[in-house]
2 protein chains.
Amino acid sequence: MTQIITEIRSIVENPKLVHKRRRQITETATKLFATKGFHSTTIRDIADTAKVSIGLIYQYVEDKDDLLFLALAEAINSYSREIPKALDGITDPLERFRACFTAYCIVMNKNHSAAVLGYRESKSLSPERLKIIKMGELETNKILEETIADCVKAGVFKDLDVNLFNYTCICLAHSWPLSAWRLSPQRSIEEYIDGLLDILLPSALASPANEAGQQKTTA
Amino acid sequence: MTQIITEIRSIVENPKLVHKRRRQITETATKLFATKGFHSTTIRDIADTAKVSIGLIYQYVEDKDDLLFLALAEAINSYSREIPKALDGITDPLERFRACFTAYCIVMNKNHSAAVLGYRESKSLSPERLKIIKMGELETNKILEETIADCVKAGVFKDLDVNLFNYTCICLAHSWPLSAWRLSPQRSIEEYIDGLLDILLPSALASPANEAGQQKTTA
DNA sequence: TGATTATGAACGAACGATCATTCATAATCC
DNA sequence: GGATTATGAATGATCGTTCGTTCATAATCA
């Protein structure tokens, strides 16, 4: 879908190479930023871990801030690439919502480091870049919001506050990488998703008779 | 309730003075850490903002890390002081849950900076101190969990997964300072709480007939 | 009581370590 | 062989921390 375009100065011209190197560097940076924090991660750390020299990094980005921006932008881009895929071929509104929420949680689980980064280090971005990242986030949120709105239109959901309901779903999906340590006993991501849907759906479904938890109607 | 004891070296001996000065310094530090981040906030910043000298700070704490720990510990201590107050005199289980959840959200709203800090900067703590803070957090979570367990015992709630339900409540309460920017239009904290209870309660209540939203039975 | 001495809180310039960034040089590719 | 890409030692700025000093107040003395 709508991808964040990252216009960042590179000394190296070859686009293939730029793409490859940036990927290599950004992936490492993302992991290190998420585990040690942005400021405690040194360029040396990144260079060593990515098996490149310090100087090489500065051939592909202008400064350390660029790396943070690249990391966050790439995370959001991957969300808006992957989540819609999960909806392919599904037409039943309720199933689309379930699939979308599930995909959202799974993506958060897979891009664990990036999700944590978003919460922890957005503050270190420049105001303009923060705005870009937030807009990308909202763009991603809209994918799920649409499936909710469709459920309302189809009469599957009652006439609820779509924005707030979507917000709770998003927050809970984000919570998995951030707050799962609070849960005891530990749960698998699948158990977690099922449990959340059991909590979320009853308030939304139009007919309270429907038992949300077990239902798995495929279109 | 259970307070986190913070044993931190102080050159100054007078306990009254230590308390007063630490409060003055920690309050400033909390705000700056939350707005600029721990690493981007300099001791100079804190000294200037708190209208004390750099040297004075080092009379009351050993190093910058102490300030972060003090800030987080004080936040958690204030939660476990304030939340139980909201339950005083309420006996009806459902009302106790509502009051506790509301208090939780309100406290997060009031201690906005500290709540943000907890998510953003815990990583900068030493492992031992992180453990202390997390234990304090879980301790606080238990206050709400107990009101949920009581609702189950009283038959007001069905036999749900208490730990998971509590987790969702906590996450959503925490989300207010972190994620409210996603909501449009903006809502007041009271509208937010009411909206969340409408979403959370239907899955929990034993009799689906009860409309959770409006209900305001006082004991 | 007034003069003298002791205390410890407060100050902030100076130090030293860390770390992002640069750049002269080497390696590699076409 | 010339252009492009990679290297990492050297640089300089930033920032936590120290420590010699000041100063107000309290304690002691005569």
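Conventions used here
Sequence positions are assigned chain by chain, starting from 1 and proceeding in written order. Numbering of ligands from 1 and lettering of chains from A proceed in the order in which they are written. Totals for whole chains, interfaces and linings use all residues, but because this is a predicted model, local features are given only for residues with pLDDT of at least 70 and pairs of side-chain atoms are given and counted only at 80 or more. Side-chain figures throughout are based on the complete set of non-hydrogen atoms in the structure, without hydrogens or water. Contacts are assigned to residue pairs that have any heavy atoms within 4.5 Å of one another. Throughout, the accessible surface (probe 1.4 Å) given up by two parts as they are put together, summed over both, is called the buried area. Think of a salt bridge as a Lys or Arg side-chain nitrogen and an Asp or Glu carboxyl oxygen that are within 4 Å of each other. For the purposes of these results, a polar contact is taken to be a pair of N or O atoms within 3.5 Å, where, inside protein, one atom must be able to donate a hydrogen and its partner to accept one; residues adjacent in sequence count only when each atom of the pair is a side-chain atom. Think of it this way: any DSSP run of H or I at least four residues long counts as a helix, any run of E at least two long counts as a strand, and we number them from the N terminus. Classification used: nonpolar for Ala, Val, Leu, Ile, Met, Phe, Trp, Tyr, Cys and Pro, charged for Asp, Glu, Lys and Arg, polar for all others including Gly. For this description, a residue counts as near a given molecule or strand if any of its non-hydrogen atoms is within 4 Å of it. Least-squares superposition of the copies uses the C-alpha atoms of those residues scoring a pLDDT of at least 70 in each of them.

Novice: Explain the interface of chain A and chain B to me, using residue names and the numbers behind them.
Specialist: Counting from both sides, the interface comprises 41 residues of chain A and, opposite them, 41 residues of chain B. Both sides together, the interface formed by chain A and chain B hides about 3700 Å², and carbon and sulfur atoms give 62% of it. Contact with chain B buries surface across chain A, with Tyr167, Arg182 and Ile199 of chain A losing the most and accounting together for 21% of the total. Across the contact surface, chain A and chain B share four salt bridges. Arg187 of chain B is the salt-bridge partner of Asp161 of chain A, the closest N and O atoms lying 2.7 Å from each other. Along the contact surface separating chain A from chain B lie 24 residue pairs in polar contact (both at pLDDT 80 or more). Every element with two or more residues in the side of chain A that touches chain B is listed here: helix H1 (15–36), helix H6 (112–121), helix H7 (127–153), helix H8 (162–179) and helix H9 (189–204) of chain A. Within the side of chain A that touches chain B, the residues separate by chemical class into 19 nonpolar, 13 polar and nine charged.

Novice: An account of the protein's contact with DNA strand C is requested, with residue identities and associated values reported.
Specialist: Looking at DNA strand C, there are 19 residues lining it, with Tyr58 of chain A together with Val12, Arg21, Ser53 and Tyr60 of chain B nearest. The contact in question runs from a phosphate oxygen of DNA strand C to an N or O atom on the backbone of Thr41 of chain A, over 3.3 Å. The contact in question runs from a phosphate oxygen of DNA strand C to an N or O atom on the side chain of Tyr60 of chain B, over 2.6 Å. Elements with a contribution of two residues or more to the surface near DNA strand C: helix H3 (54–60) of chain A together with helix H1 (15–36) and helix H3 (54–60) of chain B. Looking at the surface near DNA strand C element by element, the count peaks at four residues for H3 of chain B. Taken together, the residues of the surface near DNA strand C sort by class into nine nonpolar, five polar and five charged.

Novice: I'd like a rundown of the protein's contact with DNA strand D, residues and numbers included.
Specialist: As a matter of local geometry, DNA strand D sits amid 19 residues, with Arg21, Ser53 and Tyr60 of chain A together with Tyr58 and Lys64 of chain B nearest to it. Here the atoms of DNA strand D within 4 Å of the protein split so that 70% fall in sugar or phosphate, with bases taking the remainder. Take Arg21 of chain A: an N or O atom from its side chain is 2.4 Å from a phosphate oxygen of DNA strand D. In this structure, Lys64 of chain B approaches DNA strand D through a side-chain N or O atom, which is 2.8 Å from a phosphate oxygen. Grouping the amino acids of the surface near DNA strand D by side-chain chemistry returns eight nonpolar, six polar and five charged.

Novice: Which residues make up the relation of the copies chain A and chain B, and what are the values?
Specialist: Once chain A has been moved 0.0 Å along the axis and rotated by 180°, it coincides with chain B to within an RMSD of 0.1 Å. These values place the two chain copies in the arrangement generated by a two-fold rotation axis. For chain A, the residue whose C-alpha comes nearest the rotation axis is Arg120 of chain A, separated from it by 2.2 Å. When the interface residues of chain A are mapped onto chain B, 100% of them are again interface residues, pointing to one common binding face.

Coordinates in, geometry out; function isn't part of it.
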